[in-house]
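# Examination of the molecular architecture
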Amino acid sequence: MSGSKSKPTELRRQRRARQHGCWGHLIVAPLWVAYDANLGTLLRTCDAVGACLAVPRTPHYKEALARGDTLRGRRPCIHWVAPSKEHWLDEQRAGGFRLVAVELADGATPLSRLEPARIPTVLLLGHEHNGVPDDVLTGVDECVEIPMVGWGASLNVAVAGSLVAYRLAGLS
Ligand SMILES: C[S@@+](CC[C@H](N)C(=O)[O-])C[C@H]1O[C@@H](n2cnc3c(N)ncnc32)[C@H](O)[C@@H]1O
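Residues numbered from 1 in each chain as written. Predicted model: local features only at pLDDT ≥ 70, side-chain atom pairs only at ≥ 80, totals over all residues. Heavy atoms only, no water.

To continue, consider the nonpolar core. For soluble globular proteins, nonpolar side chains are generally found buried alongside one another. Counting 30 residues, the largest nonpolar core has Val28, Leu53, Leu123 and Val164 as its most contacted members. Only β1 (26-29), α2 (36-49), β2 (52-56), α3 (59-68), β4 (98-102), β6 (121-125) and α6 (157-168) provide two or more residues apiece to this core. Here Val28 is in contact with Leu42, Cys46, Ala51, Cys52, Leu53, Ala54, Leu123, Leu125 and Ala165, once residues within four sequence places are set aside. With 21 residues, the next largest nonpolar core counts Ala29, Leu89, Leu99 and Leu137 among its residues. (Core = buried A, V, L, I, M, F, W, Y, C linked by side-chain atoms within 4.5 Å. Buried < 20%, exposed > 50% of the residue type's maximum accessible area, 1.4 Å probe, protein only. Helix = DSSP H or I, 4+ residues; strand = E, 2+ residues; numbered from the N terminus. Contact = heavy atoms within 4.5 Å.)

Here's what the structure looks like:
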């Protein structure tokens, strides 16, 4: 790097003059993710990549997002999932969205081969212990797996979701 150095706050002002509304083309949907910290991290990732977040319209998710939100109110567009996850997923499908699950599964696309989303896409993330339900997995258009070489059985869900969101957004 060369030239004069801008402060992070100045850079932020130059790059993001105002808050974004509903981008509509990429929706990160941690429909089974339970922990505040993970939901807060995914909210920040949505803001960073220009995606919306979709969560069930329940007191648990409203409170978890309020606690996990570190964007101080300038949060991205949130889609409230109702009346049920199944109904909402059917609606997205009918509206032309592709459903992409992030999960360890046979036949999944490795992250390195995942193409940026060319049509509106919903990115599904699973519960911290139970993953994405099997009946949902069988109905998705694509499943993406992040290769791992260590001893751990899986990544933290917010890390996994952020890696895939960056890729689908065409930013990595
Ligand atoms: C901690 S993992 C769940 C592990 C759970 N024990 C299971 O067997 O599914 C939580 C979520 O993170 C995502 N995830 C974690 N590691 C992943 C990986 N290597 N590839 C794809 N998705 C991953 C998936 O969405 C998963 O449902």
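Considering all chains together, one arrives at 4 salt bridges under this definition. Residues Asp36 and Arg67 are paired through a salt bridge, measuring 2.5 Å at the closest nitrogen-oxygen approach. With a gap of 31 residues between them, Asp36 in helix α2 and Arg67 in helix α3 connect regions that are remote in the sequence. Accessibility expressed as a relative area gives 22% for Asp36, which makes it partly exposed. Accessibility expressed as a relative area gives 52% for Arg67, which makes it exposed. The partner of Arg93 in a salt bridge is Asp90, with the nearest N and O atoms 3.1 Å apart. Here Asp90 and Arg93 lie together in helix α4 (residues 85-94), a separation of 3 residues that amounts to about one turn. Overall, Asp90 belongs to the partly exposed group, its relative accessible area being 47%. (Salt bridge = Lys/Arg side-chain N within 4 Å of Asp/Glu carboxyl O.)

Here the focus is the side chain of Thr121. Considering the arrangement of structural elements, one finds Thr121 in strand β6. A residue is classified by how much of its surface remains accessible, and Thr121, at 2% relative accessible area, is buried. Separated by 2.7 Å, the side chain of Thr121 and the backbone oxygen of Ile119 make a polar contact. Leave out the neighbours within four places in its chain, and Thr121 touches His25, Leu26, Ile27, Phe97, Arg98, Val100 and Leu168. (Polar contact = N/O pair within 3.5 Å; in protein donor to acceptor, adjacent residues only side chain to side chain.)

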